[in-house]
Structures are given as C-alpha cells and as structure tokens.
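Residue-level listing of the chains:
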Amino acid sequence: MGAMIRVMRWRFDPLSLAWAVALFLVLLLLATVGARWGWLRSFFGDVLAVVWVYFVFKTAIGARVLPLALAVLGVGLVVELGQYLAAAWHLHIPNRALRIVLGSTADWWDVLAYTIGFAAVLAIEGLRGGLVRAARPLASEP
C-alpha cells in the first residue's frame, strides 16, 4: 500500500480537466433535461459519475490508473454507505440540490453502476494505452 501512495503526485493535467468538464455537462443534462428518462438518468448517470470523478481526480493527481480508479470506486461506495446509514438512522438532508447529487436511497443497482463505471475507466485507459503509460505518472514541475 505504501508503494501505491508514493507514486501519487500533485500535478495539473489539462486534458483530464477537459474530459471532466465535458462529462460534468453531460451529467448536468442528465439531471435536468433527462429527469424523465428513468433508468437512463439514474443508472447511466451513476456510471458516468464514476468516470467523471476519475477525471476530476486525474486532473490533479498523477498516479497509476488502478489505484486512482479504486479510490474513485471507494468514493462511490462510501456515498452509498452514507445513504444506507442515513436511512437506517432516519436522517434527512434538507438541501434539495445536495440530495439530488448524493442521492437519498441506498440501492444495490447503484453499487453495480459504480462497478461498471470503474470497469469503464479501466477500459478507457486500456484503450488509450494509459494502463501501461500510467506506470510512471508525469508530474508538472513548477
């Protein structure tokens, strides 16, 4: 585990930022225009959210693909655990926008969507050759 952490470095990746912004716009469209699209909004939105968080992380963190993708999957699973605990303890998020972003109901389908998003990240990076290239992250030097 210590070796994984040592290869993570702060950096700025403008291409990852561009992907993060583009995916954010798609997620925004899904949340607003796609509000009536049922499973497409909820399930596909969760898949895309994992990919989006990956590119947000990748914008600022130079790391191997697998540890970064696992961190993103962990974020999704922690959010889902938070939803479960909030329901179990009868907690309510009063802010409507935050409820929409974080969700309010724990669901195994969400966990499946996060896992598919994780696999999509690995597939995207594999197709781009990133699984091999990311072995030595490039850090921008001041």
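To be clear, the structure that these remarks concern was listed above.
Residues numbered from 1 in each chain as written. Predicted model: local features only at pLDDT ≥ 70, side-chain atom pairs only at ≥ 80, totals over all residues. Heavy atoms only, no water.

### Details of the overall build of the protein chain
Turning to step 1, where the next piece is worked out: Counting secondary structure elements, the protein chain contains seven helices and two strands.
Turning to step 2, where the next piece is worked out: In the protein chain, the succession of helices and strands from N to C terminus is α-β-α-α-β-α-α-α-α.
Turning to step 3, where the next piece is worked out: Within the protein chain, counting contacts between residues at least 6 apart in sequence, those at least 24 apart form 72% of the total.
Turning to step 4, where the next piece is worked out: As displayed, the protein chain has an accessible area near 9400 Å², and 73% of this comes from carbon and sulfur atoms. (Helix = DSSP H or I, 4+ residues; strand = E, 2+ residues; numbered from the N terminus. Contact = heavy atoms within 4.5 Å. Areas by Shrake-Rupley, 256 points an atom, 1.4 Å probe, with all protein chains shown as cover.)

### Side note on the nonpolar core
Turning to step 1, where the next piece is worked out: Counting 20 residues, the largest nonpolar core has Tyr54 and Phe55 as the members making the most contacts within it.
Turning to step 2, where the next piece is worked out: Sorting the residues of this core by element identifies helix 2 (14–32), helix 3 (39–60), helix 4 (65–88) and helix 6 (108–128) as the ones contributing at least two each.
Turning to step 3, where the next piece is worked out: Residue contributions to this core peak at six residues, all from helix 3.
Turning to step 4, where the next piece is worked out: Not counting the four nearest positions on each side in its chain, Phe55 is found in contact with Ser16, Trp19, Ala20, Leu23 and Arg128. (Core = buried A, V, L, I, M, F, W, Y, C linked by side-chain atoms within 4.5 Å. Buried < 20%, exposed > 50% of the residue type's maximum accessible area, 1.4 Å probe, protein only.)

### Concerning the packing of aromatic side chains
Turning to step 1, where the next piece is worked out: Applying the stated criterion across every chain, the model contains four aromatic pairs.
Turning to step 2, where the next piece is worked out: Ring centres of Tyr54 and Phe55 lie 5.4 Å apart, and the angle between their planes is 80°; this geometry places the pair in the edge-to-face category.
Turning to step 3, where the next piece is worked out: We classify Phe55 as buried; its relative accessible area is 5%.
Turning to step 4, where the next piece is worked out: Three or more aromatic residues link up through ring pairs in this structure, and these residues are Trp19, Tyr54 and Phe55. (Phe/Tyr/Trp six-rings, centres within 6.5 Å; stacked < 30°, edge-to-face > 60°.)

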